[in-house]
Every structure is written in C-alpha cells, then in structure tokens.
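This is what each chain is made of:
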Amino acid sequence: MGKYDTSEDIWSNSKNSGSSRGKSAPAHSRGPVKKKKKHNTTRIVVNVILSVILVLSLTTGVIGYALNARFFVDNTQGDEPVDGSEADPILISGSDHPDVSYFLVVGTDEEKTLTDIMMVVCFDHGNNTASILQIPRDTFISSKIPSGKVNAVYGSAKKGESQINKLISVINDYFGLPIDHYLNISIDAFRVIVNAMGGIDVYVPKTITAWDQDKTFYTFEKGMNHFSGAEAEAFVRHRKSYAKGDIGRVEAQRNFYAAFAKKLISMSSGDLANVASASYQYIKTDMSIGLMLGYAKAAQKLSLDNIMIEAVPGDSGYARPSGMSQELSYFSVHKSDYVDLINEHFMPYGDGITGDDLLITELFKNNHSNIANNGGTFAEILGEDTASGSSE
C-alpha cells in the first residue's frame, strides 16, 4: 500500500522493514528493477482534494484540512488509486528509507503528450520538511527522445508502455531521484483549480505578453496581478519574454507556486471541498484515499517556512547534440552543482549521489551566466516572516 500505515498511524518502510539504509541508487546502478504489485484500478467517485494537493499537498499541509472535513465519503482506508480515470501503478522501486517519500508532479499539455510542468517533491516526514525540485522542460535527455527534451519523454512511450513509468525511469536514471508516488494534472485541471479558488494574486517580475492554449493573449504588468485559470496557465507556460528562456520561466513559476500555497492555506474546508469536486476528473495518481490520509496527517506540520523550492542548476542555449537532426534550444544540467543541490536538500538520509550515478549529458560545461537563481522557502519568496506574522 505504501510507506504510511493508516491503521497503526506510524511510518513504516514497506520495502525494507527495520532497515536504516539510505535511499536507493539510480535504477541503472542497482541491478534489476523491482516490480510493484499491480493494483486493480477503478473509478472511485468521491470528493477528494487532489487538485494540486500533491503539487502542494505535501508542501503546504493544506491537505490536513481534509482530515476534519467530510470529503472522504467511503473507503477511507481503501487500497485503490483515486483518480478521474484509470491510473498506472508505479513499476520502479522508490526510496528505501522509512522517513522520506518522493513524489513526481507533472502537468500535461492539451494533447497529453508533453509535460510542461515537472517537479519532484521530497517530503522528509522524519524532520517535517519538504523540498521541491523544478525540472526545466527543455532539459536535454537523449537523442532517443523526440526533440531530445525531458518534456517529450512522457509522450514518447511506445504502444502498451506506461507513459508515467517511462518518465519515472528517466527521473530515476538521469536525475538520480527515486519516485514513490505521482500526481498527473492536465492543463484543463490547472484552469479549473485556479478558477475554483477564485483566482490567485501573483507577483510578475517584468511586464510580459503571454497566451494560453486557446491563443488568447494577455498582458501582465510588472507587479501584483490577479490571475484567472486561463491567465495563470499563460503565465506558468510563458518563456519568450525572459532573457534566460526556460530558466526565466522556472524562476517566475516559483512566484506562482508560493502564491498558490498561500491562497490554499487561507481557504476554508468548504472552499477546498469545492476545489476538489471541480478538479477531480482531471487528476491521475497511484495513491489510495487511505494512503493520502496518512500523508495528510504528517503534512499538517508543514508551513511556508519549512518548504524549500529549488530549480535544477544549469544553462540554456542552442545546441545540436550528437544524434539530433537539428539545432534546438536546450537546458543543460550542471552536474557538479546539481549533485551538491540534491545532496544538501533532497537526500536527508544515506550517502547521497555522485556524478557517476547520473546518465544526464552536460551540454554547456563552462558557461554559468544563465544558471537559475537560488530558490528558497515559500516564506522567503513571498517576502514574509510567517513566524511573526509580518510581511516585508
């Protein structure tokens, strides 16, 4: 079922009971991958807070509201995945430490072939902290992938092959991160969620003109803007106006995620239930209701002060990697900086990773001019001192 045993209300390691080992090495370096037991997925029609709840459920503690609400009509200890359509079980082993869980959060485009938003959430329930890693969509992976970019991995799955498991394999092998669970949100869900929340106030770093999937254009002035669902979609997908391209988009997205978390925390249980009801049909996850409830209890201890968000360090530029037919704009990971970042914020237990663990190719090795700005906690990004309740 997972690491969290809701019947006993304790964290348990379902893969290595009693073990205190560090996290799993990437799949390519630890031998044959283990297969998880396949669940019989069914459509469970309940009002579950799934929306971006994992985008920020484990990162804001907001899902904790669900524990005192009546969203979970039946099957609160159920073992079936909860989703608006059939969800695939994860076939690759995740973390082997009982005090940490990793979640892959993806936002798919209208064609369900590109993952325009990709994040890995490291939830350290042993220390009550969470770290979010933003993965730029233009990150170069391999010439075996159409366009070579990480956002095309999902749609490159062959007939009969699980799209989400193919992406999880790449995250594991190329980025050295285990994945325990996933949340897949369509771009339609993104709009619905923001609209159901009554819109979100977001800081825009510079005046930009962006457009949504319907090719409707919006001009956002520098400063605070109130976004509807369509406007929020246009903002988080936009990169043309940023000198640093994909890096600029990643940095701007942080402002949205922090504002999103702040708005969720301020909402009542009834409002959260409305968000869940509106967005349920657009969500896919491998998690059961009972498992989510378990994580919810632990997530209640999180706040804007102990949620860190960072981006994969690297550069953007044009290149024609070996095996590719044309020159394209790519984001290239700086391996040494990436290893340092992961070991500091995403590997709370065990020995961490080394550059040798990663299959990622470094296209631009000597240029650090476009490296993504350092992240921070959501409180820091919002310019708030949540401990004292004041704002800058």
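Residues numbered from 1 in each chain as written. Predicted model: local features only at pLDDT ≥ 70, side-chain atom pairs only at ≥ 80, totals over all residues. Heavy atoms only, no water.

1. Things to note about the sheet that holds strand β5 (residues 129-134)
Paired through their backbone hydrogen bonds, the strands of a sheet run either parallel or antiparallel.
Phase 1 of the analysis: Spatially, 7 strands are ordered β11-β6-β3-β4-β5-β12-β15 in an open sheet, and the strand pairing comes out mixed. Lying at the two open borders of the sheet, with one neighbouring strand each, are β11 (283-285) and β15 (376-377).
Phase 2 of the analysis: Of the pairings in the sheet, the one linking strand β3 (residues 100-108) to strand β4 (residues 115-124) comprises 9 bridges and is antiparallel in character. For S101, the partnering residue across the bridge sits in β4 and is F123.
Phase 3 of the analysis: Its contacts with the sheet put helix α2 (residues 163-175) on β3, β4 and β6 (181-186), and the angle it makes with β3 is roughly 125°. (Pairing = 2+ DSSP bridges. Helix = DSSP H or I, 4+ residues; strand = E, 2+ residues; numbered from the N terminus. Contact = heavy atoms within 4.5 Å. Axes fitted to C-alpha atoms, helices over the stretch in contact; angles between N-to-C directions.)

2. Examining the confidence of the model for the protein
Phase 1 of the analysis: Mean pLDDT over the protein works out to 75, with 72% of the residues at or above the 70 mark.
Phase 2 of the analysis: For the protein, strand β2 (residues 10-11) is the element with the lowest average pLDDT, namely 34, and strand β10 (residues 223-227) is the one with the highest, namely 96.
Phase 3 of the analysis: Segment residues 386-392: pLDDT under 50, and 9 contacts once partners within four positions in sequence are set aside and those in other chains are kept. (pLDDT = per-residue confidence, 0-100.)

3. Describing the packing of helix α4 (residues 229-237) against helix α5 (residues 246-266)
Phase 1 of the analysis: Between α4 and α5, whose axes approach to 8 Å, the crossing angle comes to 145°. Together, A232, F235, V236 and R237 of α4 and R249, A252, Q253 and F256 of α5 make up the contact between the two elements.
Phase 2 of the analysis: Residue composition of the contact of α4 with α5, by class: 5 nonpolar, 1 polar and 2 charged. (Nonpolar A, V, L, I, M, F, W, Y, C, P; charged D, E, K, R; others polar.)

4. Section: the side chain of S95
Phase 1 of the analysis: Looking at where S95 falls in the secondary structure, it is placed in the loop between α1 (53-60) and β3.
Phase 2 of the analysis: Judged by relative accessible area, which is 0%, S95 ranks as buried.
Phase 3 of the analysis: From its side chain, S95 meets the backbone nitrogen of H97 in a polar contact 3.2 Å long. (Buried < 20%, exposed > 50% of the residue type's maximum accessible area, 1.4 Å probe, protein only. Polar contact = N/O pair within 3.5 Å; in protein donor to acceptor, adjacent residues only side chain to side chain.)

5. Overview of the pairing of strand β13 (residues 314-319)
For a regular strand, side-chain orientation follows a simple rule: the groups alternate between the two sheet faces.
Phase 1 of the analysis: Taken across its 6 residues, β13 has 5 buried, putting it largely inside the fold.
Phase 2 of the analysis: Bridge count for β13 against strand β14 (residues 328-333) is 6 bridges, and the pairing is antiparallel. Considered in β14, the bridge of D315 is made with S332.

6. What about the environment of Y242?
Phase 1 of the analysis: The residue Y242 is located in the loop between α4 and α5 in this model.
Phase 2 of the analysis: Y242 gets classed as buried once you look at its relative accessible area, which sits at 9%.
Phase 3 of the analysis: Y242 sits 34 residues away from I208 along the chain, and the two C-alpha atoms are 8.6 Å apart.
Phase 4 of the analysis: If we ignore the near neighbours within four places in the chain, the residues touching Y242 are P205, K206, I208, F235, G248, R249 and A252.

7. Things to note about the environment of L359
Phase 1 of the analysis: Among the secondary structure elements, L359 is positioned in the loop between α8 (335-345) and β15.
Phase 2 of the analysis: Here L359 falls in the partly exposed class, since its relative accessible area comes to 40%.
Phase 3 of the analysis: For L359 and I141, which are 218 residues apart along the polypeptide, the C-alpha to C-alpha distance reads 8.4 Å.

8. Regarding the packing of aromatic side chains
Phase 1 of the analysis: Within the structure shown, the criterion is met by 8 aromatic pairs.
Phase 2 of the analysis: Consider the rings of F256 and Y257, whose centres lie 6.1 Å apart with planes at 70°: the pair is edge-to-face.
Phase 3 of the analysis: For Y257, a relative accessible area of 3% gives the class buried.
Phase 4 of the analysis: Plain terms: the ring middles of F256 and F260 are 5.9 Å apart, the flat faces sit at 40° to each other, and that makes the pair tilted. Of this pair, F256 and F260 both sit in helix α5, 4 residues apart, which is roughly one turn of the helix.
Phase 5 of the analysis: Connected via pairs of aromatic rings, a cluster forms that spans Y218, F220, F227 and F235. (Phe/Tyr/Trp six-rings, centres within 6.5 Å; stacked < 30°, edge-to-face > 60°.)

9. Some remarks on the pattern of salt bridges
Phase 1 of the analysis: With the rule as written, the count across this model stands at 9 salt bridges.
Phase 2 of the analysis: Here R237 makes a salt bridge to D116, at a shortest N to O gap of 3.1 Å. Note that R237 is positioned in helix α4 and D116 in strand β4, a separation of 121 residues in sequence.
Phase 3 of the analysis: Residue class for R237 comes out partly exposed when judged on its relative accessible area of 23%.
Phase 4 of the analysis: A relative accessible area of 9% means that D116 is categorised as buried.
Phase 5 of the analysis: Of the charged contacts in the structure, one is a salt bridge between D214 and R191, with a shortest N-O distance of 3.2 Å. Of this pair, D214 sits in the loop between β8 (208-211) and β9 (217-220) while R191 sits in helix α3 (residues 187-196), and the two are 23 residues apart along the sequence.
Phase 6 of the analysis: Through salt bridges with shared partners, one network takes in D116, R137, D138, K149, R191, D212, D214, E233, R237 and R239. (Salt bridge = Lys/Arg side-chain N within 4 Å of Asp/Glu carboxyl O.)

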